[in-house]
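Listed here are the chains, written in short residue letters.
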Amino acid sequence: MLMNLEQKKCSINIARIKIIKVWKNFKQDTNEKRLFAKIAGILTHIIYGMGKKHHLTELRKISNLIKISLSDKYIDKSSEIPLLKTGISIIEDIYTNQKDLLISHITEKKCKYNNCFKKISPPCEKSCPAGIDIPAFIVQTGGGKFKHALEIILENNPFPYVCGLICPAPCEDSCLRKTLDKPVFIRSIKAVAARETIQEKCYPKPNIKSLTGKKVAIIGSGPGGLSAAFYLAKQGHLPVVFEAEKELGGMLRYGIPDFRLPLKILNNDISWIKLHGVEIHTKTRINNIKKLFNNGFNAVFLATGTPFSNKIPFKGNERSNVISGIDFLRKINKGENPDIGKKVIVIGGGNVAVDVAMAALRQNALKIKMVCLENKNEMPASENELRTAIMEGVIVYNSWGPFYLKKNNLFEFIFCKKIFNDKGKFAPVFDNNKKLELYCDTVLVAAGQIPDFSYLENDTEINIFKGLIKINNSYKTNINGVFAGGDVVTGPNIAVNAIKAGKEAALEIDKWLMNKNKKKHNQTEKNLNFPEKIPCLKINALNRKNTKRAKLEEQNPKKRINNYLPIEEELSINQAQKEAQRCLRCDICIGCGLCQFICSEIGINAINLTICDDRFVFTDFTSFSNKCISCGACEKVCPTGAVKIIQKQNFIRTEFTGTFLNKNTMLECDLCGKLIMPDLYYKNIETRLDLKTKTFAIKPEAIELKSETPDIRKKTIDIKNLSENLRVCPACTRTKYAENLKKFL
Ligand code: SF4
Ligand code: SF4
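S.K.: I'd like to hear about the overall build of the chain, residue by residue, with values.
M.R.: Scanning the chain from N- to C-terminus turns up 30 helices and 26 strands. For the chain, the spread of C-alpha atoms along the three principal axes comes to 115 × 65 × 55 Å. For the chain, buried positions account for 55% of its 745 residues. The long-range fraction of contacts in the chain, counting pairs at least 24 apart against all pairs at least 6 apart in sequence, stands at 70%. Total accessible area on the chain stands at roughly 34300 Å², and carbon and sulfur atoms take up 51% of it. Computing the positive centroid from 116 side-chain charges and the negative centroid from 76, the chain places the two 2 Å apart.

As C-alpha cells, then:
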C-alpha cells in the first residue's frame with residue numbers, strides 16, 4: 001500500500017510517505033517514534049497547504065534530537081538504529097536537496113509537480129463520471145431529506161432515478177467503506193431519494209437563468225443529448241432536440257429492457273428535463289447540419305450514439321437467423337414482440353449481451369448460451385447483471401470466438417488464447433485447433449455497437465476518425481459551432497459517461513456562445529480550503545462498523561423469466577437510511593492522518609487509521625475507546641472538523657464524522673463539584689509528570705505536548721500540589737491557598 005503512495009512525484013510528499021513508513025515500523029511507543037509522528041504531522045501540514053515558516057526550524061530541531069538519540073542507541077545497541085538512520089537521511093535529503101521546494105511549499109503554496117494543495121474530493125465522487133457530491137446526498141437521504149438529496153444529485157445528473165436503477169456505479173468500486181467490508185450501496189440510495197421525492201410530490205422547481213435568445217440544435221435524445229439540453233436550458237439557452245425515433249431516450253428507451261429500467265421511471269426523469277423549456281421534435285431526422293445554422297441555430301450538438309450492432313466477421317453471418325442484438329431489444333421495447341427460436345446463442349460479453357440473453361428468455365427461448373472472446377475476468381458485463389442472467393439459466397462460454405455457422409445450425413467457435421496485446425489493445429489471438437460446436441436456431445449478435453452516420457451525408461467534412469466523431473477537449477468538432485459528445489465520440493459506453501459528456505459539452509457550448517473565458521470547469525482548485533459540509537449522521541460506533549451492506553430482494557428467477565417486471569426490488573426508506581449510516585463521510589475526513597500523528601506524538605496511540613491508495617481511512621471504531629483519554633488534540637489538529645470532542649453534562653465524547661467513539665467521565669472538583677477535565681486525561685498527565693518535583697517524566701525538549709496548554713499543565717500541578725488527596729479546580733485552589741496563607745500571617 002505504501003508503495004502506491006510513493007508513486008506521487010512531489011519529493012516532499014515522497015519524503016512524508018517514507019517518514020510515515022519509518023514511524024509505522026516502530027514496534028514500541030518510544031520518544032523517537034513520537035518524534036517521527038511529529039515530523040509526519042509537519043510534512044502533512046506542508047503538503048496540504050498549512051505549512052508555516054516555524055516548521056522549517058522544528059524539522060531541523062527534531063532531526064538533531066534524533067541524532068542525539070541515535071548516538072545514545074549505539075551505546076544500547078538498540079534495534080531501532082536502522083529506523084533512526086533512515087529517518088535522519090530522509091530529513092537530511094529534504095534539507096540539502098529539496099530545501100527550495102520545501103520553502104516554496106510553505107511560503108508560496110506552490111508545488112512544481114502539481115501534486116500538492118489539490119482540492120480533495122471523496123473517492124466515490126472522484127470516480128462518479130457525473131461528479132455528484134455523493135456523501136452529501138447520502139447523508140440527506142439518511143436524514144429523510146429526500147428532496148434535498150435529489151437537488152444535490154440533479155446539480156450534476158438529470159437522470160437520478162434512471163441511474164439509481166441501471167448505473168454500474170463506478171463510484172462504488174472506489175468507495176472507501178470497502179476497506180472495512182463492502183462499499184456503500186450508493187446507487188440504490190440514489191433511487192430511494194428520487195422515488196421518495198416523487199412520492200412526496202415535491203420535485204424541485206426548474207431553476208433557469210435569464211433567457212439568452214441563443215438556440216442550440218441537439219441531434220439525438222439519449223442520455224448525452226438530453227443532459228446537454230437540460231444544462232443548456234439552465235443557462236438560459238433554448239435547446240431544440242431532434243429525435244428520429246417516435247420517443248425520447250435513445251438507448252435508455254430502446255436498448256434497455258423494462259425488467260431493468262421500467263419505462264415510467266425513464267419517463268419521469270425525461271419529463272422533468274422537458275420542464276426546463278426544452279423544445280422537442282420526435283420522428284424528425286436531420287440530414288443537413290449546415291442548414292440548421294441558416295435556420296437560426298447558433299450551435300449544434302451531435303449526440304447520436306451508437307445505435308447499430310457491430311458486424312462480427314464469421315462464416316455464415318449473412319444468414320437470416322443471425323440477428324442484431326440491439327435491433328432485437330429495440331423491437332421488444334417498441335412492443336413488437338419479435339419471434340426467435342428456442343435455442344439461442346448470444347455473441348458478446350457486455351451488459352447489452354446480458355440484456356439480450358435475458359430478453360430472449362422472456363421471448364420464449366428455452367436455452368440461451370452466451371459466448372464471448374473474453375475470459376471470466378475480462379468480461380465487460382457488470383458482475384451483478386451477469387449474476388442475474390446466470391440465475392435465470394443463461395450459460396456463459398468464455399474465451400471462444402465465432403468461426404462458422406453451418407447450414408445445419410451447428411455453430412463452430414475457436415479458442416481465443418489472448419484478447420489484448422501487450423499495449424492493452426484489442427488484438428485477439430486464436431488457437432484454430434481448439435474448437436467448440438454449439439447447436440442453435442437463432443444467433444443474436446451483441447458484441448459492440450457502431451454509430452449511424454447516414455445523417456451526415458451532406459456534411460462529409462465533419463472529421464470522423466476510426467469510425468467515431470473526432471472532437472477536441474472542448475467537445476468541438478472541426479466545424480465551427482458544431483460540438484459532439486457521448487457514444488458517437490467514445491464508442492459504446494455506460495449511460496453516466498454520456499450524461500457527463502452532455503453536461504460538459506453544454507458548459508463548453510455556453511462558453512462559446514456567450515464568449516466566456518472561464519476556467520476549465522473541472523480544474524482542480526489551488527490552495528486548500530475546507531468548505532462547510534452537510535453535518536454527519538449521528539450514530540454509535542458499533543452500528544457504523546457492523547451494519548452490513550443492504551441487499552436488494554429479487555423476483556424468483558424461474559418466475560421472472562415469464563414477464564418484464566423489474567428483477568430487483570428497490571430499498572425501503574428504512575433500508576436506505578441504515579445504508580446511509582455506513583458512509584464514512586470521506587468528504588469530511590480527507591484522510592490526512594494528522595489526528596493519528598498527534599495522538600502518537602503524545603503517546604496515546606488511540607487512533608489507528610488504515611492506508612488506502614493515497615490517503616488514510618478511519619476504520620478502527622472499536623479499539624479507539626479503550627485508549628482515548630479525550631485530550632482533544634485530534635480535534636485541534638483536524639483541518640476539517642471531522643473529529644469533535646463534545647462535552648455533555650458530566651461526560652465527554654469523541655465523535656468521528658458523527659460516530660460516537662467513546663465516553664469519558666469528567667473529573668469533578670473535590671471541593672466545589674465543578675467539572676475540571678476528563679478523568680482519564682488527568683490520570684494520563686499524572687503518570688507522565690512527576691508532580692512533586694514539577695519535572696517532566698519525559699524529556700521536555702524531545703516532546704512538546706501541543707495539546708496540553710501550559711495552563712492545563714499548571715492547573716494539574718496546582719491541583720496536585722494542594723493536597724495529595726484532593727483534586728481541586730483552579731478557583732478552589734486559589735481560595736484554599738489564600739486560606740492557608742492566612743494561617744501563617
Ligand atoms: S464511504 Fe461514503 S464518502 Fe467514502 S467513498 Fe464510500 S460513499 Fe463515498
Ligand atoms: S479525522 Fe481529520 S485529522 Fe484525522 S485523518 Fe480525517 S481529516 Fe485528517
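S.K.: Can you break down the state of the cysteines residue by residue, with the values?
M.R.: Linking two cysteines covalently via their sulfur atoms produces the bond known as a disulfide. What the rule picks out here adds up to 0 disulfides. Left unpaired, C163 is separated from the closest cysteine sulfur, that of C167, by 5.1 Å.

S.K.: Break down the sheet that holds strand β8 (residues 367-371) for me, with residues and values.
M.R.: Reading across from one edge, β6-β13-β7-β8-β9 is the order of the 5 strands in this open sheet, with parallel pairing throughout. Lying at the two open borders of the sheet, with one neighbouring strand each, are β6 (322-324) and β9 (395-397). Across the sheet, the axes of successive neighbouring strands diverge by a mean angle of 25°, strand direction being ignored. Looking at chain direction, strand β7 (residues 343-347) and strand β13 (residues 442-445) are connected through 4 bridges and run parallel. Directly across from I347, in β13, lies its bridge partner V445. Strand contacts of helix α17 (residues 325-333): β6 and β13, with the helix running at about 65° to β6, the strand carrying the most contacts. This element, helix α18 (residues 351-362), spans β7, β8 and β13 of the sheet and lies at about 170° to β8.

S.K.: Got a sec to walk through the site of ligand 1? Specific residues and values, please.
M.R.: C124, P135, I138, C175, L176, R177, I186, C583, L584 and C586 make up every residue found near ligand 1. Taken together, the residues that form the shell around ligand 1 break down as 9 nonpolar, no polar and 1 charged.

So, how was this worked out
Residues numbered from 1 in each chain as written. Chains lettered and ligands numbered in written order. Predicted model: local features only at pLDDT ≥ 70, side-chain atom pairs only at ≥ 80, totals over all residues. Heavy atoms only, no water. Helix = DSSP H or I, 4+ residues; strand = E, 2+ residues; numbered from the N terminus. Buried < 20%, exposed > 50% of the residue type's maximum accessible area, 1.4 Å probe, protein only. Contact = heavy atoms within 4.5 Å. Areas by Shrake-Rupley, 256 points an atom, 1.4 Å probe, with all protein chains shown as cover. Lys, Arg positive; Asp, Glu negative; His and termini not counted. Charge placed at Lys NZ, Arg CZ, Asp CG, Glu CD. Disulfide = S-S within 2.5 Å. Pairing = 2+ DSSP bridges. Axes fitted to C-alpha atoms, helices over the stretch in contact; angles between N-to-C directions. Near = heavy atom within 4 Å. Nonpolar A, V, L, I, M, F, W, Y, C, P; charged D, E, K, R; others polar.

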